[in-house]
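Tertiary structure, described
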Amino acid sequence: VSLQALEDQYSPSRWSPRLDRDSIIDAHLAVTAAGTERARTSAHTSLHVPYGDGDGEKLDIYFPKDPSGTFPVLVYIHGGYWQCLSKDESGFAAPPLVSQGVMVVAVGYDTAPRGHMDTMVLQVRRSLAFLVKQYPGIRGIYLCGHSAGAHLAAMVLSTDWTEFQVVPEIKGAVLVSGVYDLEPILHTYVNDALNMSWEVAQRNSPMRHINPAVPAACEVLVAVAQHDSPEFRRQSQEYSQALRAAGWSVSLMDLAGVDHFDIIEKLSEDSYILTQV
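Every chain's residues receive numbers from 1 upward, in the order its sequence appears when written. Under the rules for a predicted model, residues below a pLDDT of 70 receive no local features and side-chain atom pairs below 80 are neither given nor counted, while totals for whole chains, interfaces and linings still include all residues. To obtain the side-chain values, all non-hydrogen atoms of the structure were included, while hydrogens and water were left out.

Under the annotation held in an unreviewed UniProt entry, the protein carries the name KFA formamidase and is attributed to Furnarius figulus.

Now the structure itself:
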């Protein structure tokens, strides 16, 4: 594959039939920011809760109507190619879930160039350990990640929890338009900010670190958009096949009529298929 073709494959904004590549990024920022603003005004929240000492190590928590009992939690990990976006545009999925008694947590992490890939993976793992210790009412964690966030969520599934003194009960993972093998990215503009070596890419590729499924393992839903690039679609297919081969319970959902951006934006809608699932 030529370098230019590879760059195009890993430029999600080139593949949407809705808008040109600059407009679609701006539109995505606007939609997710406005949705998060709505969520913050409508739900009971705890914002910027530190789960570590780093500047980026903070959570936004959207509580269910009655936070006194036990409740499931959806942990949302934002995308932005590990170098942009933040938890501050990541609460848009909260309203439909909070109304059904789910706690929603948007995870902040140190994006590149400040954050290194190893650091980001560790931060997301630590954020889960913190949640479990901090909120004994949690019954079942559901991970949801978009794009780079789907990669980080998939890395959580390969965690050895012994060093964290706690084992989160992860019951489900919804991985949306993700990247599961980082090696192709080494040769693209995406790595300019990340500065990953081959070793770092190997170490942090979920595709290369699939644990054998444990009996009570979680259900994994790998979702990909009709208008994701062929390379993004290939990654989703191959990762879901690899999980299945290792004994995981996996569904691959290929969503028609959406692109890399609105496949996740629609989580603010009650009736959207992924919200329902």
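That covers the picture; the talk isn't over yet.
Comments concerning the sheet that holds strand E1 (residues 44–50)
When DSSP finds at least two bridges between two strands, those strands are taken to pair. Under the DSSP-based scheme used, a helix requires at least four consecutive residues in state H or I and a strand at least two consecutive residues in state E, with every element numbered from the N terminus. Reading across the sheet, the 8 strands line up as E1-E2-E4-E3-E5-E6-E7-E8 and stay open at both edges, with mixed pairing between neighbours. Each edge of the open sheet carries a strand with a single partner, namely E1 and strand E8 (249–259). Within the sheet, the average angular offset between the axes of one strand and its neighbour, ignoring direction, is 20°. Pairing analysis gives 5 bridges linking strand E3 (residues 71–77) to strand E4 (residues 103–107), with the strands arranged parallel. Paired with Tyr76 across the bridge in E4 is Ala106. Inter-axis angles, ranging from 0 to 180 degrees, are taken between N-to-C directions of lines fitted to C-alpha atoms, where helices are fitted over the stretch in contact.

Brief notes about the packing of helix H4 (residues 117–134) against helix H5 (residues 148–157)
Between H4 and H5, the least distance of the axes is 10 Å, while the angle of their chain directions is 65°. Accordingly, the angle class assigned to the pair H4 and H5 is roughly perpendicular. The handedness of the crossing between H4 and H5 comes out as right-handed. Packed against H4, whose contacting residues are Met117, Met120, Val121, Val124, Arg125 and Leu128, the element H5 presents His151, Leu152, Met155 and Val156 at the interface. Side-chain classes are defined by residue name, with Ala, Val, Leu, Ile, Met, Phe, Trp, Tyr, Cys and Pro counting as nonpolar, Asp, Glu, Lys and Arg as charged, and the others, Gly among them, as polar. Class assignment of the residues belonging to the contact of H4 with H5 gives a composition of 8 nonpolar, 1 polar and 1 charged. To sort the angles, those under 35 degrees are grouped as roughly parallel, those over 145 as roughly antiparallel, those from 65 to 115 as roughly perpendicular, and the leftovers as oblique. Helix crossings get a hand from a simple test, with the near helix turned counterclockwise from the far one by less than a right angle marking a left-handed crossing and a clockwise turn marking a right-handed one. Contacts are assigned to residue pairs with any non-hydrogen atoms lying within 4.5 Å of each other.

As for helix H8 (residues 230–245)
Here H8 is 16 residues long and its end C-alpha atoms lie 22 Å apart, about the 22 Å a rise of 1.5 Å per residue gives. Each residue is placed in one exposure class: buried if its accessible area under a 1.4 Å probe, protein chains only, is under 20% of its type's maximum, exposed if it is over 50%, and partly exposed if it falls in between. Among the residues of H8, those classed as buried are Glu231, Phe232, Gln235, Ser236, Tyr239, Ser240 and Leu243. The buried side chains of H8 occupy one side of the element, clustering within an arc of 165° when seen end-on. On its buried side, H8 packs onto helix H1 (3–9), H5, strand E6 (170–176), strand E7 (219–227) and E8. Downstream of H8 by a residue or two, Gly247 has a phi angle that is positive, lying close to 95°. A helix is expected to span 1.5 Å multiplied by its residue count minus one. The directions considered for the arc are those from the helix axis to the C-beta atoms.

Considerations on the pattern of salt bridges
Side-chain pairs of opposite charge can arise whenever the charged atoms involved come near each other. By convention in these notes, a salt bridge is any Lys or Arg side-chain nitrogen within 4 Å of a carboxyl oxygen on Asp or Glu. Tallying each qualifying case throughout the model produces 17 salt bridges. In this structure, Arg18 and Asp259 form a salt bridge, with 2.7 Å as the shortest nitrogen-oxygen distance. Note that Arg18 is positioned in the loop between H1 and helix H2 (21–42) and Asp259 in strand E8, a separation of 241 residues in sequence. We classify Asp259 as buried; its relative accessible area is 1%. As a salt-bridge pair, Glu231 and Arg234 come within 2.7 Å of each other at their nearest N and O atoms. With Glu231 and Arg234 both in helix H8, this residue pair falls 3 residues apart, about one helical turn. Residue classification places Arg234 among the partly exposed positions, given a relative accessible area of 26%. Here the salt bridges do not stand alone but share partners, grouping Arg40, Asp60, Lys87 and Asp88 into one network.

Some thoughts on the environment of Val220
Note on placement: Val220 falls in strand E7. Of the residues examined, Val220 reaches a relative accessible area of 2% and is grouped as buried. Taking the C-alpha atoms as reference, Val220 lies 7.6 Å from Trp248; in sequence the two are 28 residues apart. Leave out the neighbours within four places in its chain, and Val220 touches Leu157, Ala173, Leu175, Leu243, Trp248, Ser249, Val250 and Ser251.

Some points on H5
Burial runs high along H5: 10 of the 10 residues are buried. Among all positions of H5, only Ala148, Gly149, Ala150, His151, Leu152, Ala153, Ala154, Met155, Val156 and Leu157 are buried.

Describing the pairing of E4
Burial of E4 is extensive: 5 of the 5 residues sit out of reach of the surface. Residues Met103, Val105 and Val107 of E4 are buried on one face, and the alternating residues Val104 and Ala106, pointing to the opposite face, are buried as well. Looking at chain direction, strand E2 (residues 58–63) and E4 are connected through 4 bridges and run antiparallel. Of the residues in E4, the one forming a bridge with Tyr62 is Val104.

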